[in-house]
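Descriptive structure summary
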Amino acid sequence: MEPALLELRGVGKRFPGVVALDGVDFSVRRGEVHALLGENGAGKSTLIKVLTGVHPADTGDFHLEGRRIRPRSPREAEELGISTVYQEVNLVPSLSVAENITLGRQPGWAGLLHWRAIRDRARRALARLDLECDVDAELGSLSVAHQQMVAIARALDTSARLLVLDEPTASLDEREVAELFKVMRKLRADGFGIVFVTHFLDQVYAVTDRMTVLRNGRLVGTYVTSELPRLALVGRMLGREISASDFAPHAAPPMETAGRTPLLSARQLGRRGVIGPLDLELQAGEVTGLGGLLGSGRTETARVLFGIDPADTGDIHVRGEPVRLRSPRDAVRLGLAFCSEDRKAEGILPNLSVRENLVLALQGKRGAFRPLARAEQEQLCAHYIQALQIKTADIETPIKNLSGGNQQKVLLARWLATQPEIILLDEPTRGIDIGAKQEIEGLIARLREQGLAVLFISSEIDEVVRTCSRVLVLRDRRLSGHAAGSGLSVENLMRLMAGTHDTP
Amino acid sequence: MTPPERTPLSARRQSVVVWPLAGLAALLVLNAVINPSFLKITLLDGHLYGVPVDILVQGSRTLLVALGMTLVIATGGIDLSVGSVVAIAGGVCAVLLQAGHGLGLTLGAALATGLAAGAINGVLVARFGLQPIVATLILMVAGRGVAQLVVDGQVVLIASPSFDFLANGFLAGLPVAPLWVGACYLATHLLVRRTALGLLVEAVGDNERASHFAGLAATRIKAMAYVFCGACASLAGILTAANVRAADAYRAGENMELDAIFAVVVGGTALSGGRFLILGTAVGALLIQTLTTTLYNLGVPPAIAPVPKAALILGVAFLQSERVNPWLTGLLRRRKEPA
Amino acid sequence: MNPALTRWRRQLPLVVTTAIFVLLFGAASLAYDGFFSLRTVTSLFTDNAFLGIAAVGMTLVIFSGGIDLSVGAVIGFTSIFTATLIEQAKVPPVLAWLIALTAGAALGGGMGALIHGFRLPPFLITLAGLFLARGAAFWINTESVGIGHDLYQRLSAFEVPLGPASLTTGALVLIGMLFIGYGIGHHTRFGRTLLAMGGNEQSALLMGLPIGAAKIGVYALNGACGALAGIVATLYTGSGNPSMGIGLELDAIAIVVIGGTLLTGGRGHLGGTLLGVLIFGTIQAAILFDGRLSSWWMRILVGALLLAFVLLQRLLLRRRAA
């Protein structure tokens, strides 16, 4: 058998405090599209960064076409024949298509550019993808899909043999995805090896030949796509095998909803290219789960409910009244609260103190001219530090000095201080240690008992089953189904995530 | 669990002031050594005179502008137009007083021009999302022209004793200008620390996205900082015009934006926004004025005075640089560890 | 999409700038007798020679997403420095110019190295550069120094006849610099790297472009442009003056923006800078011709043009994003 195009053996990489990759093997053949799959923290992006020279690996052997390699920078990887196209197109939107394809290696003499040769070269690169496109057009005037393809053309303009596509379809619509797949199939036929990272299972089954699943930095396995059923794949990604008796006890039975007005309800809520129209109800005293794999539209749904992104279709009712949410400010006034999954960028104010972070939302709600007295602030802090077991040296410590779990608790306290009726929690337990995780789960149960309506988003399926009374499952940005009562089991949820309704 | 210990907030926050204070003290000592009469304050006709009094009087205008600039910088912005606003406000005062209008109307009109200028900046930055440097550059360029338009290109003399008193008078032996500015400082302090405005401004400057997500009206807070800054600049314009008893549309407020930005940065507020400290700004403004006076006393021609300022800017920029700072702290920590 | 249309859309700001220039010049020609002449056009170049040269360098800096506040001060420094070298140290003018150009490039390169190496904001660093250069200028001499060298006499008398009008040395240098700037900005790898950097520095880095060298290079180049502008200023006035070019950096930035170059970087055209100089000059000339209009209308008009352009660019970008 001829050697694989790319062969990685025993790749290890650690970052301070984390083992990101632990002895991972990975190989790509010529003329194949190879999916790289895994949930958050599985090590996909680290593997790609190691492969493309962004972070050098600590251990492991790399072979490209049988030759030992060790890329130390993206440029070096590119010279070796490994080119990458990232999700956010890493091109310059204000320059022309031709320039974007050739920047840094423009044909010319002594630094002077030969514009006709540049255009010709760009045209040839695009023709290789069967793509028709004006090379003089400004890149920014093209659709994201076309920009993506220009990025691929740029990647192939070198002597690339291996193409890494890192979530290229994340912001494309169906037609655009189909176009991209056409290009990928053509490249496969031309003998390129393609590594394809995506969160969409349909796409995995539509275009890939083999797939490699990672979990927690370890290799789960490499499979031939057509031989691994969806349900089994989801099981491997989540680290759960299905057994018929797999029913986890859940926190509370779903309540009888007939005749009760939900605290929050949304009908046909949708946002073009982001989430498909979906119905959703949050009842007082109930935890509703929003399940689905990474990238299935969970966060996007929560953002629309909180007024961060506008909805294109549908309407939202709070306590039975129709509402218009133009900004988070409107949502907060209506008694909503939202903990973002991106704690660092969208949650904490890193240089401000624990106290300031904690009172922020309440102070914002009251307005600048009704300040909370110092004593009130300290009382609030003392209360929540005690209630949520927040570990901090004192309340004037900058929040950036706290551990992730404690930062998360401060952010929860920030919202609880506003005494919300509806709270949207997006991955509140992500990236925090097991003890803090349990405490937050306990807190959610207490909130439910106090009569709040909770929307709970988590990638951990067991946690969802443990915490929620009913669960809506999203798949590929659409509602795939819901589960409640005896239907609320790990197995059932996984089926809904995978999108297969047959029994295994 | 023991209840969290309470650390005095002010102590922690104000530790940043140590550097500019030390600089100020060093300069004063240097001056006192070179020229022992430097620190001497005399009482003449029941009025205080002396170099330190001069520094206070001269530095007060910079401080006034720097107060507004502090809030703008805290939101992560910058306002280059303050110098032009100083000139416009001065011009408005001169023209109105010459036309025989009362002091109240005059001061009100000058303040209104400052508020309007600030509102323009605020709308351009917060509403249209222009880069602060770009947005305020427009008014910086055009404002100087508007100021000249107001006074019709003339240096308009002001012969109003009550207006003159605003800047050059004495109250119970003390010069009036620093008293005014001191009052403004106090008012600003109360405005930002006795209401939640200070917290909201710092929040927006530290992480605008997170603040927006926490339900703050980030756009409005940013715009208000520019309006406040415009108001401060117009007050400084009034003082400048009263000080020289004339409105000079060409020179009034020249380089004022640089001195103000400088006072803010030296005072420990980072150009990247977030935490701000108006006490630091006050010390920074005095430090700059003392530096200018010192150089003058040392016989350095005023034209060369910018050079030490450049060195100071570079030093402060280095201390605040994200590249240099971790390296410095690392160095300090390593030195501490063996002990 | 129709290729011709896309190309036209890309040049829209340039088209708008051209239209504004034609309108302004046309209006002034109608309003004032004798304004419409070749002599008026050539004097636009002569009178704005050193400002225009500074604007060429500034355009390239702004391409890269940076800004340089020090050019006015560099002009002042170069002006008094060359004059002193020639008059007091008796250095031959050509050698003095070379020394001045090197000094300008060294100052610029130093600032570029600080900006790149320590990730310091260009605004602060070039502000420090401004103080430094202006201080050094006054340190050399607080008074202006006349230059009586033969070469200066000959160069200031030198003119290329152009029909009824003529181009002076300064105008010729400006035209030359516009061509060189255009060549660098639009036909070299260096120029395109600058635009790529200004458009998206992260992308440029991932594309493997030499960011550091380009950044240091463009500030050095701009320092040299400032020095050249200073030399041309000595030719124009026949003397060196340490207060030359105070506040000129603002006019240069305004010209670049009026020329349709995006102040945030990544998009622009040297041809726009030429038009910016012409628009700036036309307003100035028209105000002079009028005699009744006061000079401050200049500032107000330039400010209004700035506002119009910045908002127009914002609008174009928004529509594209939508």
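Residues numbered from 1 in each chain as written. Chains lettered and ligands numbered in written order. Predicted model: local features only at pLDDT ≥ 70, side-chain atom pairs only at ≥ 80, totals over all residues.

Further remarks concern the overall build of chain A. Secondary structure assignment for chain A yields 17 helices and 22 strands. Over its C-alpha atoms chain A spans a radius of gyration of 25 Å, differing by no more than 12% from the 23 Å that the globule rule assigns to 504 residues. The principal-axis extents of the C-alpha atoms in chain A amount to approximately 70 × 55 × 45 Å. Taking all 504 residues of chain A together, the buried fraction comes to 50%. Long-range contacts, defined here as pairs at least 24 residues apart, represent 70% of the contacts in chain A between residues at least 6 apart. (Helix = DSSP H or I, 4+ residues; strand = E, 2+ residues; numbered from the N terminus. Rg over C-alpha atoms; globule rule 2.2 N^0.38 Å. Buried ≥ 20, exposed ≤ 12 C-beta atoms within 10 Å, placed from the backbone. Contact = placed C-beta atoms within 7 Å.)

Take the interface of chain A and chain B next. You'll often see interface size given as the accessible area lost when the parts meet. Facing 30 residues of chain A, the contacting portion of chain B comprises 27 residues. Counting only elements with at least two residues in the side of chain A that touches chain B, the list comes to α10 (328–333), α11 (343–346), α12 (354–366) and α13 (374–387) of chain A. No other element matches the 6 residues that α12 of chain A contributes to the side of chain A that touches chain B. Looking at the side of chain A that touches chain B residue by residue, the classes come out as 17 nonpolar, 6 polar and 7 charged. (Nonpolar A, V, L, I, M, F, W, Y, C, P; charged D, E, K, R; others polar.)

Below, the discussion takes up the sheet that holds strand β12 (residues 218–224) of chain A. Residue and element names in this part refer to chain A. Taking strand neighbours across the sheet as the criterion, the 6 strands line up as β6-β9-β10-β3-β11-β12 in an open arrangement whose pairing is mixed. Unpaired on one side and paired on the other, β6 (82–85) and β12 mark the two borders of the sheet. Shown here is a sheet whose adjacent strand axes are inclined to one another by a mean of 20°, direction ignored. The pairing of strand β11 (residues 210–215) with β12 spans 6 bridges and is classified as antiparallel. When the sheet's bridge partners are listed, R210 is paired in β12 with V224. (Pairing = 2+ DSSP bridges. Axes fitted to C-alpha atoms, helices over the stretch in contact; angles between N-to-C directions.)

Quick look at the confidence of the model for chain C now. Confidence in the prediction for chain C averages 87 pLDDT; 95% of positions are at 70 or higher. The ipTM value of the predicted complex is 0.83, and its pTM value is 0.83. (pLDDT = per-residue confidence, 0-100.)

What follows concerns the confidence of the model for chain A. On average, residues of chain A carry a pLDDT of 85, and 94% of them reach 70 or more. Ranking the elements of chain A by mean pLDDT puts strand β7 (residues 108–109) of chain A last with 78 and strand β18 (residues 336–339) of chain A first with 94.

Attention now goes to the environment of L48 of chain B. All names here are of chain B. Among the structural elements, L48 can be located in strand β2 (residues 47–50). Sequence-wise, L48 and G173 are 125 residues apart; in three dimensions their C-alpha atoms are separated by 5.8 Å. Here L48 is in contact with I41, L43, V53, G173, L174 and P175, once residues within four sequence places are set aside.

Let us look at the interface of chain B and chain C. Residue-level contacts link 33 residues of chain B with 34 residues of chain C. Where the side of chain B that touches chain C is concerned, the elements lending two or more residues are α6 (132–150) and α14 (306–320) of chain B. Tallying contributions element by element places α6 of chain B first for the side of chain B that touches chain C, with 12 residues. Grouping the amino acids of the side of chain B that touches chain C by side-chain chemistry returns 24 nonpolar, 5 polar and 4 charged.

All names here are of chain C. Across the 11 residues that make up helix α13 (residues 248–258), a large majority, 10, are buried. Along α13, the residues that are buried comprise L248, E249, D251, A252, I253, A254, I255, V256, V257 and I258. G260 lies just past α13 and shows a positive phi near 90°.

Given a rise of 1.5 Å per residue, 19 residues ought to cover 27 Å, and the 26 Å separating the end C-alpha atoms of helix α9 (residues 169–187) of chain C matches this to within 8%. Within α9 of chain C the residues assigned to the buried category are T169, G170, A171, V173, L174, M177, L178, G181, I184 and G185 of chain C. (Expected span 1.5 Å × (residues − 1).)

Bringing the pairing of strand β20 (residues 453–457) of chain A into the picture now. All names here are of chain A. A large share of β20 lies buried, amounting to 5 of its 5 residues. Side chains A453, L455 and I457 of β20 all project onto a buried face; the interleaved residues V454 and F456 project onto the opposite face, where all are buried too. The pairing of strand β15 (residues 286–291) with β20 spans 5 bridges and is parallel. Within the sheet, the bridge partner assigned to V287 lies in β20 and is V454. Note that strand β19 (residues 422–426) and β20 share 5 bridges and pair parallel. Note that in β20 the partner of L424 across the bridge is L455.

Turning next to the domain arrangement of chain A. All names here are of chain A. Structurally, chain A comprises domain 1 (6–238) and domain 2 (264–498). Computed from C-alpha coordinates alone, the two centres of domain 1 and domain 2 are separated by 34 Å. Contact residues are listed per partner, giving 14 residues for domain 1 and 12 residues for domain 2. Where the side of domain 1 that touches domain 2 is concerned, the elements lending two or more residues are α7 (201–207) and α8 (230–238). (Domains from an automatic or database assignment.)

Residues and elements named next belong to chain A. Taken together, the 4 strands give an open sheet; going across it, the order is β14-β13-β16-β17, and neighbouring strands pair in antiparallel fashion. Two strands close off the open sheet at either side, each with one partner strand: β14 (275–282) and β17 (321–323). Across the sheet, the axes of successive neighbouring strands diverge by a mean angle of 25°, strand direction being ignored. Here strand β16 (residues 313–318) pairs with β17 via 3 bridges, running antiparallel. By the bridge assignment, I316 is partnered in β17 with V323. The strands touched by helix α9 (residues 298–305) within the sheet are β13 (264–271), β14 and β16, with β13 carrying the most contacts at an inclination of about 115°.

What follows deals with the packing of helix α4 (residues 49–63) of chain C against helix α14 (residues 270–290) of chain C. Residue and element names in this part refer to chain C. The N-to-C vectors of α4 and α14 enclose an angle of 150°; their axes lie 10 Å apart at closest approach. Regarding the angle of α4 to α14, the classification is roughly antiparallel. Both α4 and α14 take part in a crossing whose hand is right-handed. Seen from α4, the contacting residues are G52, A55, V56 and T59; seen from α14, they are L270, T273, G276 and V277. Its residues placed into classes, the contact of α4 with α14 shows 4 nonpolar, 4 polar and no charged. (Parallel < 35°, antiparallel > 145°, perpendicular 65-115°, else oblique. Left-handed = near helix turned anticlockwise from the far one by under 90°.)

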